[in-house]
Amino acid sequence: MTSSTALLASAFSSELPGDPLPPGPRANRWPGEPVESADLGDTAATAIHRLWRARGHHPRPDGTPTTIPRRAVPSAGGCYPVQWHLVVPPGRGRQLGPGRYVYDPATEMLVRRSDPRGPVWPASDHVEIVLTVQPGRTFGRYRHRAWPLWVADAAYALEALLRLVPDADLPADWSDLAAARRALRLPRAAQTAWWLERGLVPELALARIRLPHDPHLDEVAAAAICARRSPALAHFHEHRDRASVDRRRAEAARQSGQSWVLGADRVLGWPRPARLDAVGYAQLWQIHREAARQTYSLTAQGHGVRAVSGFCPRPAEARPLVHAIAILENGAAA
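The present account deals with the structure reproduced in this document.

The rules behind these values
Residues numbered from 1 in each chain as written. Predicted model: local features only at pLDDT ≥ 70, side-chain atom pairs only at ≥ 80, totals over all residues. Heavy atoms only, no water. Helix = DSSP H or I, 4+ residues; strand = E, 2+ residues; numbered from the N terminus. Buried < 20%, exposed > 50% of the residue type's maximum accessible area, 1.4 Å probe, protein only. Areas by Shrake-Rupley, 256 points an atom, 1.4 Å probe, with all protein chains shown as cover. Core = buried A, V, L, I, M, F, W, Y, C linked by side-chain atoms within 4.5 Å. Contact = heavy atoms within 4.5 Å. Polar contact = N/O pair within 3.5 Å; in protein donor to acceptor, adjacent residues only side chain to side chain. Pairing = 2+ DSSP bridges. Axes fitted to C-alpha atoms, helices over the stretch in contact; angles between N-to-C directions. Phe/Tyr/Trp six-rings, centres within 6.5 Å; stacked < 30°, edge-to-face > 60°. Lys NZ or Arg CZ within 6 Å of the ring centre and 35° of its normal.

Further remarks concern the overall build of the chain. In terms of regular secondary structure, the chain is built from ten helices and eleven strands. Taking all 334 residues of the chain together, the buried fraction comes to 50%. Accessible surface for the chain amounts to roughly 14,900 Å². Of this, 53% is attributable to carbon and sulfur atoms.

Structural data, given as structure tokens:
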């Protein structure tokens, strides 16, 4: 956890990010064999497709579309660095044959990765979904503050998947970076030569979800999450002229530097971990998983929910926040 500890210390410093950097490609184009859409009867593949297929594009403030696809799972700054990998071991008559697959968001198809070294399978015979992030997407915008945002985006994706496939679970070492890399047979992201030689940009393997042998898709949960939209900032601005602003809204707006938060009906905020070690890293996952669960539950109840990230720590901050969600009661998303 040494590398992530160093990155957490940098992410929570008071240093301001520099100018934006070129973010690189939206997703790797992995070499391999595409799987036709007709074969997406597999529960895991279907869940990934439901969560990550494009649903139009994010709008600009004037309503015109950007080039950023909208997806069911929210992402800090619309960066969408999460990549979805699927490890299918041999046996049990599965609809997908043994292999390591990756979801290509450009074609909205699975690609069965080529492996010239021959397959090596984990000890478990369960199908696993492994979440990675393509760090350049977020780093290009947030620079040294990107690490908590990678975890946030992966946590929102993880919790959405656990709702769609409720009988899935997390292995004991689910957030161990080395275990996730081993499941995918990938090197560290820092070994850039390996990636670039294959025409790829590095990915950080962050988390694993284990599926039961006969998983099922919760169609009610799928419909709720796939219909989710973060309310447009204009909806929050419409409510900014309130008679009073409570402390939580004011504090979240001040620390994030985002005045639209003042227009929320209420705000739930989470302070950043006090420690910058393995314990703090685990707490960072807990914070964002709880925020994701609250977001999906509130959305299912008809409320509008927008995540708030990009908090700007100050040396004398009494309760520095790392994440928050802004809620519009019974608010329609746009």
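Before going further, it helps to spend a moment on the nonpolar core. Formed by 64 residues in total, the largest nonpolar core has its most connected members in Trp84, Ile129, Trp147 and Trp285. At 13 residues, the largest contribution of residues to this core is made by helix 4 (residues 146–164). The contact partners of Trp285, leaving out residues within four places of it in the chain, are Val151, Ala154, Ala155, Leu158, Trp174, Ser175, Leu206 and Ala207. Counting residues in each nonpolar core, the second largest holds 14 residues, with Trp260, Val261, Phe311 and Leu321 among its members.

Residue placement: Gln134 occurs in the loop between strand 7 (128–133) and helix 3 (136–142). In this structure Gln134 comes out as buried when scored by relative accessible area, which is 2%. Within the structure, the side chain of Gln134 is placed 3.0 Å from the backbone nitrogen of Asn28, a separation counted as a polar contact. Leaving out residues up to four positions away in the same chain, Gln134 has contacts with Pro25, Arg26, Ala27, Asn28, Pro81, Gln83, Val201, Pro202 and Glu203.

Another aspect to go through is the sheet that holds strand 6 (residues 109–113). With antiparallel pairing, the six strands of this open sheet are ordered in space as 1-6-5-4-7-8. The strands lining the two open edges of the sheet, one partner per strand, are strand 1 (32–35) and strand 8 (204–210). Direction aside, neighbouring strands of the sheet carry axes that sit 30 degrees apart on average. Taken strand by strand, helix 2 (residues 43–52) contacts strand 4 (82–88), strand 5 (99–104), strand 6 and strand 7, and its axis lies near 175 degrees from that of strand 4.

This brings us to the environment of Gly310. Within the fold, Gly310 resides in the loop between strand 10 (304–308) and strand 11 (321–328). When the C-alpha positions of Gly310 and Tyr142 are compared, they lie 7.8 Å apart, and in sequence the two are 168 residues distant. Apart from the residues lying within four places of it in its own chain, the contact partners of Gly310 are Leu149 and Ser256.

Further remarks concern unusual backbone geometry. A positive phi angle, close to 55 degrees, is found at Glu108, a residue other than glycine. Mapped onto the elements, Glu108 comes out in the loop between strand 5 and strand 6. Exposure remark for Glu108: the relative accessible area of 23% places this residue in the partly exposed category. Of note in the backbone geometry, Arg185 takes a positive phi value of approximately 55 degrees without being a glycine.

What follows is about the pairing of strand 8. Taking burial as the measure, the seven residues of strand 8 include six buried ones, the bulk of the element. As paired elements, strand 7 and strand 8 share six bridges and run antiparallel to each other. What sits directly across from Thr132, in strand 8, is Ala205.

Let us look at the packing of aromatic side chains. The full count for this structure, using the stated rule, is nine aromatic pairs. Relative to Tyr296, the ring of Tyr156 has its centre 6.3 Å away and its plane inclined at 85 degrees; by these criteria the two rings are edge-to-face. Here Tyr296 lies in helix 10 (residues 278–300) and Tyr156 lies in helix 4, a separation of 140 residues in the sequence. Look at Tyr296 and you get buried, because its relative accessible area is 3%. One aromatic cluster is present, built from ring pairs that chain together Trp30, Trp194 and Trp195. Here Arg71 stacks its cationic end above the ring of Tyr80, 5.6 Å away from the centre of that ring. Sitting over the face of the ring of Trp260, Arg306 holds its NZ or CZ atom 5.7 Å from the ring centroid.

This part is about the environment of Arg113. Of note, Arg113 is situated in strand 6. Of the residues examined, Arg113 reaches a relative accessible area of 10% and is grouped as buried. Considered as a pair, Arg113 and His85 are 28 residues apart in the sequence and their alpha carbons are 9.8 Å apart. When residues no more than four places from it in sequence are discounted, the contact partners of Arg113 are Trp30, Pro31, Gly32, His85, Arg100, Tyr101, Val102, Leu184, Arg185 and Leu186.

Ordered in space as 9-11-10, the three strands form an open sheet in which the pairing is antiparallel. Strand pairing shows two members of the sheet lacking a second neighbour, strand 9 (266–271) and strand 10, which therefore form its edges. Across the sheet, the axes of successive neighbouring strands diverge by a mean angle of 15 degrees, strand direction being ignored. The pairing of strand 9 with strand 11 spans six bridges and is classified as antiparallel. Paired with Arg266 across the strands is Ile327, a residue of strand 11. Packing of helix 9 (residues 247–256) onto the sheet brings it into contact with strand 9, strand 10 and strand 11, and relative to strand 9 it is tilted by some 60 degrees. In the packing of helix 10 onto the sheet, the strands contacted are strand 9, strand 10 and strand 11, and the crossing angle to strand 11 comes to about 5 degrees.

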